[in-house]
Amino acid sequence: MAQIRLDRFLGEMGTGTRTQIKELAKKGRVSVNGQVEKKTDRKVDPAADTICVDGRPVAYTRWSYYLLNKPQGVVSACRDDRYPTVVDLIQDADRKDLFPVGRLDIDTEGLLLITNDGDLAHRLLSPKKHVDKVYFATVEGRLPADYAEQLAAGLVLEDGTRTLPAELTVQREELTFQKEELAVRREGDEGRFDVLLTIREGKFHQVKRMFEAMGCRVAYLKRVAMGPLKLDESLAPGEYRPLSQEELAKLDIRS
C-alpha cells in the first residue's frame, strides 16, 4: 500500500483534526513502530507500520460499507444544523469520511448504503448505469388505466422533466374499472393501495412526483432494494450493519 502522511492516517481514522493530531504528537502521545513520533508530516505505510495513540494501536480501514435501515426524521446528509443525519447513526464507524449513497427524503425509510467509496457511489447512482432502485409505497388515489404504459414510456413530471422508464407492481390488489380509471383498494381501506415501484434514477422527490403525475399521493415510502443490495428486514429503522462478504462480492468489491 502507498505511504501516506501520519496526520492524514490519524485524521481519516477519526483521531481528530490535523491541529489536534499535531498537539497529540507534540505531547509524545503518538508512536510509530514503538518509537515516539512528533513529526506528523512524516510518511507511514498503513499496511506495514504500527501506529499508536496513547499506547493503543490505530487500525487502518481504507473502505467502509454499511447497510442502514433509514428511519423517518433523519436526513440523508453528512452534516445538518437542524436534524440528525444518517451518518450520525453509524456510531462505531472506522472512518470519518462516510457519506450516504444517494438520498432518501426525511419522511422516507429503508435501504441506504453508507460508505466512503466514491467509485461505488457513482456506479450505483449514475442513470447511465441503469441500476434498479425498488420502493415499497402505500399510495392514495386512483391510478389511470394506462399507468403501466405511462411508466414504460417515461412519465413527464410537473416541471416538464421526463423520467426514465419504470415498472410498477400492485400488491394485494382488488381491481375494478370505473370510467376508464383503475381503482385499487386494500382490504378495509378504500382508496389506498400498496405497490412496488422500480426506477433507475434518483431525481429530487422523484417517487412522490411520479405518483402525483398520475393523480395519486404517496402516504408511506420505503426503499427495499438498490442494485444487488436488499433491505435487511432484521434491521429495525435506525439500525445498521457492515455489508457481508456475499454483498461485497455482488457489488464487485474485493475486501
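Look up: the structure comes first, before these words.
Predicted model only: the values in this text are computed from it and were never measured.

Description of the pattern of salt bridges
Two side chains bearing opposite charge may form a pair once their charged atoms approach each other closely.
Working step 1: With the rule as written, the count across this model stands at 19 salt bridges.
Working step 2: Where Glu-12 meets Arg-95, a salt bridge forms, and the shortest distance between an N and an O atom there is 2.8 Å. Of the two residues, Glu-12 is situated in helix H1 (residues 6–12) and Arg-95 in the loop between strand E7 (65–70) and strand E8 (99–100); the sequence distance between them amounts to 83 residues.
Working step 3: Note that Arg-209 is salt-bridged to Asp-159, the shortest N-O span being 2.9 Å.

Let's talk about the pairing of strand E16 (residues 216–226)
Working step 1: Counting buried positions along E16 gives eight out of eleven residues, so the element sits mostly inside the fold.
Working step 2: Bridging between strand E9 (residues 109–115) and E16 involves two bridges; their strand directions are parallel. Of the residues in E16, the one forming a bridge with Gly-110 is Arg-223.
Working step 3: As paired elements, strand E10 (residues 133–141) and E16 share nine bridges and run antiparallel to each other.

Looking at the sheet that holds strand E5 (residues 51–53)
Working step 1: The strand order E3-E2-E5-E6 describes an open sheet built from four strands, whose pairing is antiparallel. Lying at the two open borders of the sheet, with one neighbouring strand each, are strand E3 (35–36) and strand E6 (56–57).
Working step 2: Pairing geometry for strand E2 (residues 30–32) and E3, over two bridges, is antiparallel. Residue Ser-31 lies in a different strand from E3, and its bridge partner there is Val-36.

Examining the nonpolar core
Working step 1: Core analysis: the largest hydrophobic core is formed by 33 residues, its most contacted members being Leu-143, Leu-151, Leu-197 and Phe-211.
Working step 2: Contributing elements (two or more residues each) for this core: E7, E9, E10, helix H4 (147–153), strand E12 (167–171), strand E15 (192–199), helix H5 (206–213) and E16.
Working step 3: Per-element tally for this core: the top contributor is E15, with four residues.
Working step 4: In this structure, Phe-211 is in contact with Val-139, Leu-143, Leu-168, Val-195, Leu-197, Cys-216 and Val-218, ignoring residues within four places of it in sequence.
Working step 5: Val-131, Met-226, Leu-251 and Ile-253 belong to the second-largest nonpolar core, a separate cluster that totals 16 residues.

Details of the side chain of Thr-85
Working step 1: In this fold, Thr-85 is placed in the loop between E7 and E8.
Working step 2: By relative accessible area, Thr-85 is classed as buried at 1%.
Working step 3: Here Ala-77 takes part through its backbone oxygen, which lies 3.5 Å from a polar atom of the side chain of Thr-85.

What about helix H3 (residues 118–125)?
Working step 1: Among all positions of H3, only Leu-120, Ala-121 and Leu-124 are buried. For H3, the arc enclosing every buried residue in end-on projection is 100 degrees, short of the 170-degree limit, so these residues lie on one face. The exposed residues of H3 that point more than 90 degrees off its buried face are Asp-119 and His-122.
Working step 2: Tucked into the core, H3 has its buried residues touching E7, E8, E9, E10 and E16.
Working step 3: The N-cap of H3, judged by a side-chain oxygen 3.2 Å from the amide nitrogen of Asp-119 a few residues on, is Asp-117.

Quick look at the pairing of E9
Working step 1: Most of E9 is tucked away, with seven of its seven residues classed as buried.
Working step 2: By the bridge criterion, two bridges tie E8 to E9 in an arrangement that is antiparallel. Counted as the bridge partner of Pro-100 is Ile-114 from E9.

Some thoughts on the environment of Ala-236
Working step 1: Mapped onto the secondary structure, Ala-236 falls in the loop between strand E17 (229–230) and strand E18 (240–242).
Working step 2: Along the sequence, Ala-236 and Ala-219 sit 17 residues apart, while their C-alpha atoms lie 20 Å from each other.

Observations regarding the packing of aromatic side chains
Working step 1: Enumeration according to the criterion identifies three aromatic pairs in this entry.
Working step 2: Ring centres of Tyr-66 and Tyr-240 lie 5.8 Å apart, and the angle between their planes is 80 degrees; this geometry places the pair in the edge-to-face category. Residue Tyr-66 is located in strand E7, and its partner Tyr-240 is located in strand E18; the two are separated by 174 residues in the primary sequence.
Working step 3: Tyr-66 gets classed as buried once you look at its relative accessible area, which sits at 6%.
Working step 4: Note on Phe-136 and Tyr-220: the rings are 6.3 Å apart at their centroids and 65 degrees apart in plane angle, and the pair reads as edge-to-face. Of this pair, Phe-136 sits in strand E10 while Tyr-220 sits in strand E16, and the two are 84 residues apart along the sequence.

A closer look at the side chain of Glu-201
Working step 1: Position of Glu-201 among the secondary structure elements: in the loop between E15 and H5.
Working step 2: Taking the relative accessible area as the measure of exposure, Glu-201 reaches 4% and is therefore buried.
Working step 3: Polar side-chain contacts of Glu-201 include one of 2.4 Å to the backbone nitrogen of Leu-164.
Working step 4: Setting aside residues no more than four positions away along its own chain, Glu-201 makes contact with Pro-127, Lys-133, Thr-163, Leu-164 and Gln-206.

Calculation notes
- Residues numbered from 1 in each chain as written.
- Predicted model: local features only at pLDDT ≥ 70, side-chain atom pairs only at ≥ 80, totals over all residues.
- Heavy atoms only, no water.
- Salt bridge = Lys/Arg side-chain N within 4 Å of Asp/Glu carboxyl O.
- Helix = DSSP H or I, 4+ residues; strand = E, 2+ residues; numbered from the N terminus.
- Buried < 20%, exposed > 50% of the residue type's maximum accessible area, 1.4 Å probe, protein only.
- Pairing = 2+ DSSP bridges.
- Core = buried A, V, L, I, M, F, W, Y, C linked by side-chain atoms within 4.5 Å.
- Contact = heavy atoms within 4.5 Å.
- Polar contact = N/O pair within 3.5 Å; in protein donor to acceptor, adjacent residues only side chain to side chain.
- Arc of directions from axis to C-beta.
- Phe/Tyr/Trp six-rings, centres within 6.5 Å; stacked < 30°, edge-to-face > 60°.

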